[in-house]
Amino acid sequence: MQRTKLVPMLAAIAAAFTLGTSHAQVKVGLILPMTGQQASTGKQIEAAVKLYMQQKGDTVAGKKIELIVKDDGAVPDNTKRIAQELIVNDKVNFIAGFGVTPAALAAAPLATQAKVPLIVMAAGTSIITERSPYIVRTSFTLAQSSVIIADWAAKNGIKKVVTLVSDYAPGADAQKSFSERFVKAGGTVAAELKVPLAVPDFSPVLQRARDEKPDALFVFVPSGQGGTFVKQFIERGLDKAGIRLIGPGDVTDDDLLNGMGDQVIGTVTAHMYSAVHPSPTNKAFVDAFRKANNNLRPNFMAVGGYDGMHLIYEALKKTNGSTDGDALIGAMKGMAWESPRGPISIDPETRDIVQNIYIRKVEKVGGELYNVEFATVNAVKDPVKAEKK
Ligand code: PHB
């Protein structure tokens, strides 16, 4: 009796020992909105991170990578509690993800306290990277695209604009950077409108915008809301009234674009990623992503996640597998690589992303709606930080 018990016990101890030495030497806590309004962002980023690990293997610099995915529902109190648990209990070496700005801001002080790198794969408010020296961003800032669409509008016969943004930090960034740049170029901003983030009712603001008779409506809504917005824009006849829809590319999100209907054809936006970005790297990425995810089209959030994982892998290679937070952040500063979106780098001074911003027009390609890039502004730094210097 005793003997039969002892053998499995020894086997269990041996297994635990083997696991203990070869398993999970580096832990990455991925905090994403997997439920709620921002769930599409969570789904896209998780899929991209897993694709990266599947393609590159789960061992880096001799260390096994373990991914721990947690759902914060984009609620900052949850993000903070989850980040704390991941750092204290699971002893993760990185926290990553962050589907919305308030989530990234809530976790920032914990990154500083624990000296754990925090990789922002989605959120886009300029200030985020200034909240901790341990934050590095692979997504984008709203200002990067907003100033470029302002320049394009001013040069393309658009004189009077109404702006309409989701009423929280990235919306404020988009509105401010667009308006300042557009007015400087001689344009007029007739009204600056806002809609609540959580339950956006676009009808009163669309009516107000229509009454102003602008040449264009500049819009920022976060990824996931573009479909509802465009539907109401068309239902209320703003397109037929000759009002052009412009903005950062969140509104013509690749995740939803193909379901928006042909009325959206011709919409011009500025953004860092389109699923039809014409490069071999992107084609390989889109093909592999679709194959692994039931033909889902990757959007700009997926690319932020894919590149965030690349940043983690390459930083670990540079530190020879050391998980010292300062060494990892040092390794990330100035890193440059070819992303599915094009060439990108991490600004060594700000730890923010430097990337091309493309001007795109919605067109039908092979029977599907896509954002087709027609002009490129190279190596754009976050304009908000550039202005502060
Ligand atoms: C943000 O909360 O920073 C955010 C979320 C979704 C976007 C852009 C920015 O599409």
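Here the structure is a predicted model, which means the values were calculated and not measured. (Residues numbered from 1 in each chain as written. Predicted model: local features only at pLDDT ≥ 70, side-chain atom pairs only at ≥ 80, totals over all residues. Heavy atoms only, no water.)

K.L.:
Help me out: how do you make sense of unusual backbone geometry in this one?
P.N.:
Peptide bonds are trans in most cases, and residues, glycine excluded, mostly fall at negative phi. Positioned with a positive phi, K91 is a non-glycine residue whose angle comes to about 55 degrees. Positionally, K91 belongs in the loop between α3 (76–88) and β4 (94–97). With relative accessibility at 56%, the residue K91 sits in the exposed group. For A379, which is not a glycine, the phi torsion comes out positive at approximately 45 degrees. (Helix = DSSP H or I, 4+ residues; strand = E, 2+ residues; numbered from the N terminus. Buried < 20%, exposed > 50% of the residue type's maximum accessible area, 1.4 Å probe, protein only.)

K.L.:
How should I be thinking about the pattern of salt bridges in this particular structure?
P.N.:
Oppositely charged side chains can form a pair if their charged atoms are brought close together. What the rule picks out here adds up to 18 salt bridges. The residue R290 makes a salt bridge to E368 at a minimum N-O spacing of 3.8 Å. Remark: E368 occurs in strand β15 (residues 368–380) and R290 occurs in helix α9 (residues 280–292); sequence separation between them is 78 residues. Here E368 falls in the partly exposed class, since its relative accessible area comes to 28%. Across the pair K385 and D382 runs a salt bridge, and its minimum N-O distance is 2.8 Å. Per residue, the accessibility class of K385 equals that of D382, and both read buried. Put simply, R137, D352, D382 and K385 are held in one network by salt bridges that share partners. (Salt bridge = Lys/Arg side-chain N within 4 Å of Asp/Glu carboxyl O.)

K.L.:
How should α3 be read in this particular structure?
P.N.:
Because an α-helix packs 3.6 residues into every turn, residues spaced three or four apart end up facing the same way. Along its 13 residues, α3 runs 18 Å from first to last C-alpha, staying within 8% of the 18 Å computed at 1.5 Å per residue. Close packing links the buried residues of α3 with β1 (26–32), β3 (63–71), β4 and α4 (101–114). (Expected span 1.5 Å × (residues − 1). Contact = heavy atoms within 4.5 Å.)

K.L.:
Hey, could you run me through the site of the ligand in this one?
P.N.:
Every one of the 15 residues lining the ligand counts as a neighbour, but T101, G124, Y168, S223 and D250 are closest to it. In this structure, an oxygen atom belonging to the ligand sits 2.5 Å away from a side-chain N or O atom of T101. One nitrogen or oxygen atom from the main chain of G124 is found 2.8 Å from an oxygen atom belonging to the ligand. Notes on the ligand: free accessible area 280 Å², of which the protein chains cover 100%. Of the residues contributing to the shell around the ligand, the split by class is ten nonpolar, four polar and one charged. Inspection of the shell around the ligand shows a minimum of three residues originating in each of domain 1 (26–140 + 279–351) and domain 2 (142–271 + 357–388). (Near = heavy atom within 4 Å. Polar contact = N/O pair within 3.5 Å; in protein donor to acceptor, adjacent residues only side chain to side chain. Areas by Shrake-Rupley, 256 points an atom, 1.4 Å probe, with all protein chains shown as cover. Nonpolar A, V, L, I, M, F, W, Y, C, P; charged D, E, K, R; others polar. Domains from an automatic or database assignment.)

K.L.:
Looking at this structure, how should I read the environment of D262?
P.N.:
In this fold, D262 is placed in the loop between β10 (244–248) and β11 (268–271). Given a relative accessible area of 44%, D262 falls into the partly exposed group. Considered as a pair, D262 and V362 are 100 residues apart in the sequence and their alpha carbons are 9.2 Å apart. Every residue in contact with D262, bar those within four places of it in the chain, is listed here: K364 and L369.

K.L.:
Help me understand the domain arrangement of the protein chain, please; the structure alone is not making it clear to me.
P.N.:
Where interface size is given, it is often the accessible area lost as the parts come together that is meant. Domain parsing of the protein chain yields domain 1 (26–140 + 279–351) and domain 2 (142–271 + 357–388). Each of domain 1 and domain 2 was reduced to a C-alpha centroid, and the two centroids are 27 Å apart. Listed per partner, the contact involves 26 residues of domain 1 and 30 residues of domain 2. Taken together, both faces of the contact between domain 1 and domain 2 bury some 2,000 Å²; the carbon and sulfur share is 44%. In terms of surface lost to domain 2, no three residues of domain 1 exceed S126, R297 and F300, which account for 31% of the buried area on that side. For the interface between domain 1 and domain 2, the tally reads four salt bridges. Between R297 and E368 there is a salt bridge, with its nearest N and O atoms 3.0 Å apart. Per element, the largest residue contribution to the side of domain 1 that touches domain 2 is three residues, and it comes from helix α2 (residues 39–56). When grouped by side-chain class, the residues that make up the side of domain 1 that touches domain 2 number seven nonpolar, 13 polar and six charged. (Buried area = accessible area lost by both parts, 1.4 Å probe.)

K.L.:
Sorry, what's going on with the nonpolar core here?
P.N.:
Nonpolar side chains in soluble globular proteins tend to end up buried together. In terms of nonpolar packing, the biggest core is built from 96 residues, with I65, I95, I246, F285 and M309 touching the most fellow members. Both of domain 1 (26–140 + 279–351) and domain 2 (142–271 + 357–388) provide at least three residues apiece to this core. L164, V221, V251 and V362 belong to the second-largest nonpolar core, a separate cluster that totals 25 residues. (Core = buried A, V, L, I, M, F, W, Y, C linked by side-chain atoms within 4.5 Å.)

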